[in-house]
Amino acid sequence: MAKVDFKIWRGDAKGGGYQDFSTDVTEGMVVLDSVHQIQAESANDLACRWNCKAGKCGSCSAEVNGHPRLMCMMRMDEVLAETPKGAPVTIQPMKAFPVVKDLVTDVSSNFEIKKKIKPFKPRKPDAEDGTWRMVQEDVDRVQEFRKCIECFLCQDVCHVLREHSLHDEFIGPRFLVYAAALEMHPLDTEDRTTELKNAHGIGYCNITKCCTNVCPEHITITDNAIIPLKERVVDKHYDPLGKLWRWIHGTEKEANDQQ
Amino acid sequence: MANGQASLSDTGFGKTMRRDAWWVQPLLTFLGLSAFIVYSTWRAFYGQHFLAVEGGTNYLSPFFSPIVYFHDLPGLSADLKGALAAHAWLGTMPGWVPHWVSPAFLILWAPAGFRFTCYYYRGAYYKAFWADPINCSVSEPRDNYRGEQKFPLIFQNIHRYFFYVAAVFIFILGYDAWQGMWFVAEDGDRKFGLGIGSLVLWGNVILLGGYTFGCHSFRHLIGGGINKLSKAPVRSKCYECVGCLNAKHMIWAWCSLVWVGFTDLYVWMCASGTWTDFRFF
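Residues numbered from 1 in each chain as written. Chains lettered and ligands numbered in written order. Predicted model: local features only at pLDDT ≥ 70, side-chain atom pairs only at ≥ 80, totals over all residues. Heavy atoms only, no water.

**Q** I tried to follow the overall build of chain A on my own but got confused; where do I start?
**A** A count of helices and strands for chain A gives 12 helices and seven strands. Projected onto its principal axes, the C-alpha positions of chain A cover 70 × 40 × 30 Å. Taken over 259 residues, chain A has a buried fraction of 56%. When contacts within chain A are restricted to residue pairs at least 6 apart in sequence, long-range pairs at least 24 apart make up 62% of them. A total of about 11,300 Å² of accessible surface is found on chain A, and carbon and sulfur atoms cover 54% of it. With 34 positive and 40 negative side-chain charges, chain A shows a spacing of 2 Å between the two charge centroids. (Helix = DSSP H or I, 4+ residues; strand = E, 2+ residues; numbered from the N terminus. Buried < 20%, exposed > 50% of the residue type's maximum accessible area, 1.4 Å probe, protein only. Contact = heavy atoms within 4.5 Å. Areas by Shrake-Rupley, 256 points an atom, 1.4 Å probe, with all protein chains shown as cover. Lys, Arg positive; Asp, Glu negative; His and termini not counted. Charge placed at Lys NZ, Arg CZ, Asp CG, Glu CD.)

Set out below in structure tokens:
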């Protein structure tokens, strides 16, 4: 057992600052355990959101030592290993979202963004009973994106939102993953590329892969979702030769139907 | 308990709560890319010793391949002049072209454009050269941001066109590597052989091939753009193979960058007589 110093951000929408705490850390504890212990010992009114404590609900997102992380999945021994000797472990709320209180942020804007994306529009059913037939190979790619737990760490670390607050012009990595899951689905017939280019601002992503690095579900956000969507936007808006080629070969309509 | 005054809205270049050495990665990228840019630019201006014919070798530097024109400079040996003429697509450079315009200037735009618009490099140099951001969760020096949504970086979307050209270059460099296995014997005939230089040239082709054919644009074109891959089994298999290369795109990018520079250095050293190529057979 060892005494560990913490610096936890406390405040609300009006402002706040870091407050120092100290608590015992034992083997196997995660950051969320430490926060709960601090709540119990010295700050009963310290607010933090949590639910499953198993890395599946995406509630306890915060920034630990400056890295956006799930507090329930970050072991204290790993945190202490990266913390300089004598320095406190810092915990702060996600910077890209408005603070409600202490470590709790208002992530509701994300659900509004989601409503702007064209929903799933399947082709006509394959069978008379109203069902479809799909090949596993065709849905493998999409299934990676379905692992998302909506912790919004990717939105938090994305510098377009975090540093430049372009929430109205850029939907962010989480929703590019969501759009990719719809866009690449073998049954979907909707075309979202024009919206991705204009209203959803995919061009704001400059591929720094910060979102991929923080994803607790290890979704390869940049390489498997965002870049393929960028390429689909190129197909439709920036590649006249490709368009001509598809038109000559009569695959343009097919490509449109596909998308 | 003590209260600190730091606010979440604090910004300013380099501000972060990260405790790790976040500056190392962009610094290494900056140094690595800068070194390559300086070296390759200097080599293009230097414009000599790019074809090694010493000891019967026929090694052409990838910085100068393909040779479209060559300068018929006084002092070129007969062997070198003959070899240059054999490689050059259009013979000698017109007399009005200044000597500092080496054959490299006619072709380097293609691989340079391919790397400049490459998805991996974009992410890397936006961090290292533009600090946009300098690293994840670290504050930036500027408030305004246009990304690739607007001019000028919207032109990054032409990457696939550079890919088409870069793919052709792989076959040209493969041809050069094959030519580099035919050595001029004492009787003047060409004989098949293998030297260290041959291995260096083939290594360059393999690494550049791994980088080029692992390109994100190629991955999209070969199969990523279609949603029912099961109906296109050949493209599906190709997509899988390209995906394997693509998963290590950063590694391929750096290895091929270093090796193409070393290949040029090796040819330069052999051509200038500083190093002697070892022949296995």
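We are not done yet, so read on.
**Q** Can you help me understand the overall build of chain B in this one?
**A** Broken down by element type, chain B carries 10 helices and four strands. Tracing chain B from N to C terminus, the helices and strands come up as α-β-β-α-α-α-α-α-β-β-α-α-α-α. Once the C-alpha set of chain B is aligned to its principal axes, its extents read approximately 90 × 50 × 40 Å. Put simply, chain B has 281 residues, and 51% of those count as buried. Long-range contacts, defined here as pairs at least 24 residues apart, represent 71% of the contacts in chain B between residues at least 6 apart. Total accessible area computed for chain B in this model is approximately 13,600 Å², and 68% of it derives from carbon and sulfur atoms. Computed over 21 positive and 16 negative side-chain charges, the separation of the two mean positions in chain B equals 13 Å.

**Q** Looking at this model, I keep getting lost on the nonpolar core. Mind explaining?
**A** Among the nonpolar cores identified, the biggest contains 73 residues, and A:Phe6, A:Val31, A:Met71 and A:Ile91 are the most heavily contacted of them. The dominant element in this core, judged by the number of residues it contributes, is helix H7 (residues 173-183) of chain A, at seven residues. The residue makeup of this core includes at least three contributed by each of domain 1 (2-104) and domain 2 (107-258) of chain A. In contact with A:Phe6, not counting residues within four places along its chain, are A:Gln19, A:Asp20, A:Phe21, A:Thr23, A:Val25, A:Ser34, A:Ile38, A:Met76, A:Pro88, A:Val89 and A:Ile91. Counting residues in each nonpolar core, the second largest holds 53 residues, with B:Phe36, B:Phe50, B:Phe162 and B:Val260 among its members. (Core = buried A, V, L, I, M, F, W, Y, C linked by side-chain atoms within 4.5 Å. Domains from an automatic or database assignment.)

**Q** Could you clarify how one ought to interpret the interface of chain A and chain B in this entry?
**A** Note on interface size: it is often stated as the accessible area lost on association of the parts. Every contact between the two is made by 66 residues of chain A and, on the other side, 54 residues of chain B. In total, chain A and chain B occlude about 4,900 Å² of area from one another, counting both sides; carbon and sulfur atoms represent 48% of this. Here chain A and chain B share four salt bridges between them. Inspection of the region where chain A meets chain B yields 33 residue pairs in polar contact (both at pLDDT 80 or more). Elements with a minimum of two residues in the side of chain A that touches chain B: strand E2 (15-25), strand E4 (67-70), strand E5 (89-92), helix H4 (136-145), helix H6 (159-162), helix H9 (210-214), helix H10 (221-237) and helix H11 (240-248) of chain A. Tallying contributions element by element places H10(A) first for the side of chain A that touches chain B, with nine residues. (Buried area = accessible area lost by both parts, 1.4 Å probe. Salt bridge = Lys/Arg side-chain N within 4 Å of Asp/Glu carboxyl O. Polar contact = N/O pair within 3.5 Å; in protein donor to acceptor, adjacent residues only side chain to side chain.)

**Q** Even after reading the chapter, I still don't get unusual backbone geometry, so can you show me in this structure?
**A** Excluding glycine, a negative phi dihedral is what most residues carry, and trans is how most peptide bonds are arranged. The omega torsion of the bond from B:Ser65 to B:Pro66 falls at 0°, within 30 degrees of zero and hence cis. Mapped onto the elements, B:Pro66 comes out in the loop between strand E2 (59-60) and helix H2 (78-87). Note the cis peptide between B:Phe151 and B:Pro152, where omega equals 5°. With respect to the helices and strands, the residue B:Pro152 is situated in the loop between helix H5 (119-128) and helix H6 (159-179). Positive phi values are uncommon outside glycine, yet A:His218 reaches one of about 55°. Relative to the elements of secondary structure, A:His218 occurs in the loop between H9 and H10.

**Q** Any chance you could explain the pattern of salt bridges here in plain terms?
**A** One side chain can pair with another of opposite charge once the charged atoms of both are near each other. Residue and element names in this part refer to chain A. Scanning the model with the defined rule gives 33 salt bridges over all chains in all. Between Asp 102 and Lys 101 there is a salt bridge; the shortest N-O distance is 3.1 Å. On the basis of relative accessible area, Asp 102 is assigned to the buried category, the value being 2%. Its relative accessible area of 33% is what places Lys 101 among the partly exposed residues. Between Glu 190 and Lys 118 there is a salt bridge, with its nearest N and O atoms 3.7 Å apart. With a gap of 72 residues between them, Glu 190 in the loop between H7 and helix H8 (193-197) and Lys 118 in the loop between helix H3 (109-116) and H4 connect regions that are remote in the sequence.

**Q** When you look at the state of the cysteines in this model, what are you seeing that I'm missing?
**A** Working definition: the covalent bond between the sulfur atoms of two cysteines is a disulfide. Evaluation of the coordinates by the stated rule reveals one disulfide over all chains. Across the disulfide, A:Cys210 is cross-linked to B:Cys136 (sulfur-sulfur distance 2.0 Å). Disulfide A:Cys210 to B:Cys136: torsion about the S-S bond roughly -85°, handedness left-handed. In this pair, A:Cys210 is assigned in helix H9 and B:Cys136 in the loop between H5 and H6, connecting two distinct chains. Judged on exposure class, the residue A:Cys210 and its partner B:Cys136 are both buried. Counting only cysteine sulfurs, A:Cys211 is the nearest neighbor of A:Cys205, a cysteine outside any disulfide, at a range of 6.2 Å. Assessed through its relative accessible area of 9%, A:Cys205 is described here as buried. (Disulfide = S-S within 2.5 Å.)

**Q** How should the domain arrangement of chain A be read in this particular structure?
**A** All names here are of chain A. When its domains are assigned, chain A resolves into domain 1 (2-104) and domain 2 (107-258). Between domain 1 and domain 2, the C-alpha centre-to-centre distance is 33 Å. Between domain 1 and domain 2 the total buried area reaches about 1,300 Å² when both faces are included, carbon and sulfur atoms providing 58% of it. Three residues, Pro 68, Ala 96 and Phe 97, lead the burial of domain 1 against domain 2; their summed loss comes to 42% of the area buried on that side. Lys 95 is the partner of Glu 163 in a salt bridge, and the nearest nitrogen-oxygen pair spans 3.6 Å. Across the contact surface, domain 1 and domain 2 share six residue pairs in polar contact (both at pLDDT 80 or more).

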